[in-house]
Amino acid sequence: FLAAADGLGSIAIDTTQLNMSVTDPTAWATAMNNLGMVPVGLAGQQLVTDSICVPGFDPSLSMMTGITPINPMIPGMGLVPPPPPTDVPVVKEIIHCKSCTLFPPNPNLPPPSTRERPPGCKTVFVGGLPENATEEIIQEVFEQCGDITAIRKSKKNFCHIRFAEEFMVDKAIYLSGYRMRLGSSTDKKDSGRLHVDFAQARDDFYEWECKQRMLAREERHRRKMEEDRLRPPSPPAIMHYSEHEAALLAEKLKDDSKFSEAITVLLTWIERGEVNRRSANQFYSMVQSANSHVRRLMNEKAAHEQEMEQAKESFKNALTGILTQFEQIVAVFNASTRQKAWDHFSKAQRKNIDIWRKHSEELRNAHSEQLMGIRREEEMEMSDDDSGDNPTKKLRVDDSALAAQAYALKEENDSLRWQLDAYRNEVELLKQEKGQLFRTEESLTKDQQLQFLQQTMQGMQQQLLSIQEELNNKKSELEQAKEEQTHTQAMLKVLQEQLKSAKELAEINGHDESQANEINVLTVALVNQDREKNSEKRSPGLKSEKEALLIGIISTFLHVHPFGANIEYLWSYMQQLDSRISANEIEMLLMRLPRMFKQEFTGVGATLEKRWKFCAFEGIKTV
């Protein structure tokens, strides 16, 4: 083992922290017994007590029956207590398997990093495997974590392992950082440092989504059942109108116990529009039956009012008796506080008597105020009764046959008047419907024509406004052209007169032709100077520093393009410097400076193109 440990220099095992000698077979047996397994090929006694181990567990049973050895450090197996909290460092120990050995990482090193756990992860990525590791060896190592459903091994020393449950992945992550060695070989192909990490598999994500959908369905079903349980019951279905049902309903309307149900059905039928000329009399009789319950309801209200009056009277009498007893109790306390009896009580007794007396006086005053309020309300009611006569009270007190007959005649008169109004409304509706049938088509066509005319008027108004704007622009241009023409004609006349006078002077004085040529050049220079002055008058000066900067950039750009450039090309170049500038703004700036920039047309027909050129230097050359 020493030679093997020396051959693996990167294992970094600290023997002082493991508290055992690597070359001592007894130490290996101790470590394996602490893990609940018998070391393969080593003899040693089991150091873990029977109370911790599984009762009746035969260590050789794993070799005979093929039962996978159990690692008690893996949480949830039940051989040792749960793992300590995360803030307490976990000391990892050597794990022996049948075909390989797993050496723990250095505890002083930081824990191996892992990626974010995907939802429903059941697959792990295992990297750093020895080159000679086979699927059987990998299954032997990771079967201790749980049931393995699939192993996908690659040729580049890594594999993917899919477990049956999600918690098994946490057990496999525990093995990350271990140094794996096949047998006792010191060859590099037989050793490697394991890196276990979460893997993102489509099967895991699909199963997780299915599980989530199932939970969502269960939650929706539970909520639906809860809503159905809490939903108030639906009202009973109301039957359709027929003569037979109307006769039954008329009988129910006469019964006091079934009146509430029957009046609901009658209201529904009327709202549905079941009333017509044929059934109007039948509905009228049912409405009259409903009206007959008004007197019963008024009598019931009067009876309840009488009961309420009696209850008020009994409450007032009881309150008066309570108030009398409160007066007697207060009188007892007042008598106790007099000098004859007060001197014989102790200090504590006097204090209690004083507290009781104050409390009784407060309660007496409150009850007396309540009683006075009731009496004031009664007086106000009596004054109202004396000032005005209530017809309902007279009808209740004096229920004679004459009053009943007058009331019935009044109701019949009202019903006949309402029926007459209903017939008048029906006749008016029929007249309106007949008149609307003839007017609908004409109104539709008129509306369409009116809408079309309005649209055309709006279009013509817009066209008229645009034409007026163009006309104003043309007028201004024409006036400017006329002014320029008159000015140039006047200058031409003045120059011609100057030229004639100059020639005459030259002939008289006998000057040579060279002097005449100098006069012509001077004349041309004056004309050019005058043109420049006119152009300066026409073109306003620069408005801002930004325009001066733009002119400098455009001049440089067009100077290096001797054949000119169109406005789109120039605008695309300026967009790189200032994204807010527009092509129209550049073109207006070029048109304002005709001495520096000129516009030329190139091409024929469809290839006709407008190009701008830099012409400032040409003006200097001509001068």
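Residues numbered from 1 in each chain as written. Predicted model: local features only at pLDDT ≥ 70, side-chain atom pairs only at ≥ 80, totals over all residues. Heavy atoms only, no water.

An unreviewed UniProt entry lists the protein chain under the name ENOX1 protein, from Melospiza melodia.

Considering the overall build of the protein chain
Helix and strand counts for the protein chain stand at 20 helices and 10 strands. Of all 623 residues assigned to the protein chain, the portion counted as buried reaches 24%. Taking contacts inside the protein chain between residues at least 6 apart in sequence as the whole, the part at least 24 apart equals 63%. Summed over its atoms, the accessible surface of the protein chain is roughly 45,000 Å², and 56% of this surface lies on carbon and sulfur atoms. (Helix = DSSP H or I, 4+ residues; strand = E, 2+ residues; numbered from the N terminus. Buried < 20%, exposed > 50% of the residue type's maximum accessible area, 1.4 Å probe, protein only. Contact = heavy atoms within 4.5 Å. Areas by Shrake-Rupley, 256 points an atom, 1.4 Å probe, with all protein chains shown as cover.)

Focus on the UniProt feature "coiled-coil region" (unreviewed entry) in the protein chain
The feature "coiled-coil region" (unreviewed entry), as annotated in UniProt, sits at residues 287–314 and 406–498 in this numbering. Helix and strand shares over residues 287–314 are 96% and 0% respectively, and the end C-alpha atoms of the span are 41 Å apart. (UniProt positions renumbered as here; feature names shortened; annotations may be inferred.)

Some thoughts on the nonpolar core
Counting residues in hydrophobic clusters, the biggest one holds 30 residues, and the most contacted among them are Val126, Phe142, Ile161, Phe163, Leu175 and Met180. Mapped by element, the contributors of at least two residues to this core are β2 (100–103), β3 (123–127), α5 (135–142), β4 (148–153), β5 (158–163), α6 (167–173), β6 (179–182) and β8 (195–198). Each residue touching Phe163, except ones within four places of it in the same chain, is listed here: Lys122, Val124, Phe142, Cys145, Gly146, Asp147, Ile148, Thr149, Met168, Val169 and Ala172. Counting residues in each nonpolar core, the second largest holds 18 residues, with Ile567, Phe597, Phe614 and Ala616 among its members. (Core = buried A, V, L, I, M, F, W, Y, C linked by side-chain atoms within 4.5 Å.)

Some points on the pattern of salt bridges
Here the structure, examined in full by the defined rule, presents 22 salt bridges. With its nearest N and O atoms 2.9 Å apart, the salt bridge here joins Lys122 to Glu207. Highlighted residues: Lys122 in the loop between β2 and β3 and Glu207 in helix α7 (residues 202–230), separated in sequence by 85 residues. For Lys122, a relative accessible area of 16% gives the class buried. With a closest N to O distance of 2.4 Å, Arg222 and Glu219 form a salt bridge. Of this pair, Arg222 and Glu219 are both found in helix α7, 3 residues apart, which corresponds to roughly one turn of the helix. The exposure class of Arg222 is partly exposed, given its relative accessible area of 46%. Within this structure, Lys122, Arg162, Asp204 and Glu207 form a network of salt bridges that share partners. (Salt bridge = Lys/Arg side-chain N within 4 Å of Asp/Glu carboxyl O.)

Section: a negative patch on the surface
A surface patch of negative charge is lined by Glu143, Asp147, Glu165 and Glu166. Along the chain, Glu166 falls in the loop between β5 and α6. In this structure Glu166 comes out as partly exposed when scored by relative accessible area, which is 30%. (Patch = residues over 30% accessible without salt bridge, like charges linked within 9 Å, V, L, I, M, F, W, Y side chains within 5 Å. Lys, Arg positive; Asp, Glu negative; His and termini not counted. Charge placed at Lys NZ, Arg CZ, Asp CG, Glu CD.)

Looking at the packing of aromatic side chains
A complete count under the given rule lists 10 aromatic pairs for this structure. Seen in terms of ring centroids, Phe614 and Phe617 are 5.2 Å apart; in terms of plane orientation they differ by 90 degrees. Their pairing is edge-to-face. An aromatic cluster is built from Tyr241, Trp269 and Phe283, whose rings are joined through pairwise contacts. Between Lys92 and the ring centre of Tyr174, over which it is positioned, the NZ or CZ distance is 4.9 Å. (Phe/Tyr/Trp six-rings, centres within 6.5 Å; stacked < 30°, edge-to-face > 60°. Lys NZ or Arg CZ within 6 Å of the ring centre and 35° of its normal.)

Concerning helix α18 (residues 567–577)
Among the residues of α18, Ile567, Leu570 and Met574 are the ones counted as buried. Within α18, the buried residues cover an arc of 65 degrees as seen down the axis, which keeps them to one side. Every exposed residue of α18 that faces more than 90 degrees away from the buried side is listed here: Glu568 and Gln576. In this structure, the buried side of α18 is in contact with α17 (545–559), α19 (583–591) and β10 (609–614). (Arc of directions from axis to C-beta.)

Some words on the environment of Arg296
You can see Arg296 is positioned in helix α11 (residues 293–336). It is 9.1 Å that separates the C-alpha atoms of Arg296 and Asp256, two residues lying 40 residues apart in sequence. Those residues within four positions of Arg296 in sequence are excluded, and the remaining contacts are Asp256 and Phe259.

Considerations on the pairing of β3
Most of β3 sits inside the fold, with 4 of its 5 residues counted as buried. Note: β3 against β5, 5 bridges, orientation antiparallel. In the sheet register, Val126 faces β5, and the bridge partner there is Cys159. In this sheet, β8 lies alongside β3 in antiparallel orientation, the contact comprising 4 bridges. Looking across to β8, one finds that Phe125 is bridged to Asp197. (Pairing = 2+ DSSP bridges.)

Side note on the sheet that holds strand β7 (residues 191–193)
A sheet is described by the order of its strands in space; here 4 strands give the open sequence β1-β2-β6-β7, paired in antiparallel fashion. Looking at which strands have only one partner, the edges of the open sheet turn out to be β1 (95–96) and β7. Pairing of β1 with β2 involves 2 bridges; the strand directions are antiparallel. Bridging across to β2, Ile95 finds its partner in Leu102.

Some points on the packing of α17 against α18
Close contact between α17 and α18 brings their axes to 11 Å; oriented N to C, the two are set at 130 degrees. The angle between the axes of α17 and α18 places the two elements in the oblique class. Pair α17 / α18 crosses with right-handed handedness. Packed against α17, whose contacting residues are Leu550, Ile553, Ile554 and Phe557, the element α18 presents Tyr569, Leu570, Tyr573, Met574 and Leu577 at the interface. Class assignment for the residues of the contact of α17 with α18 results in 9 nonpolar, no polar and no charged. (Axes fitted to C-alpha atoms, helices over the stretch in contact; angles between N-to-C directions. Parallel < 35°, antiparallel > 145°, perpendicular 65-115°, else oblique. Left-handed = near helix turned anticlockwise from the far one by under 90°. Nonpolar A, V, L, I, M, F, W, Y, C, P; charged D, E, K, R; others polar.)

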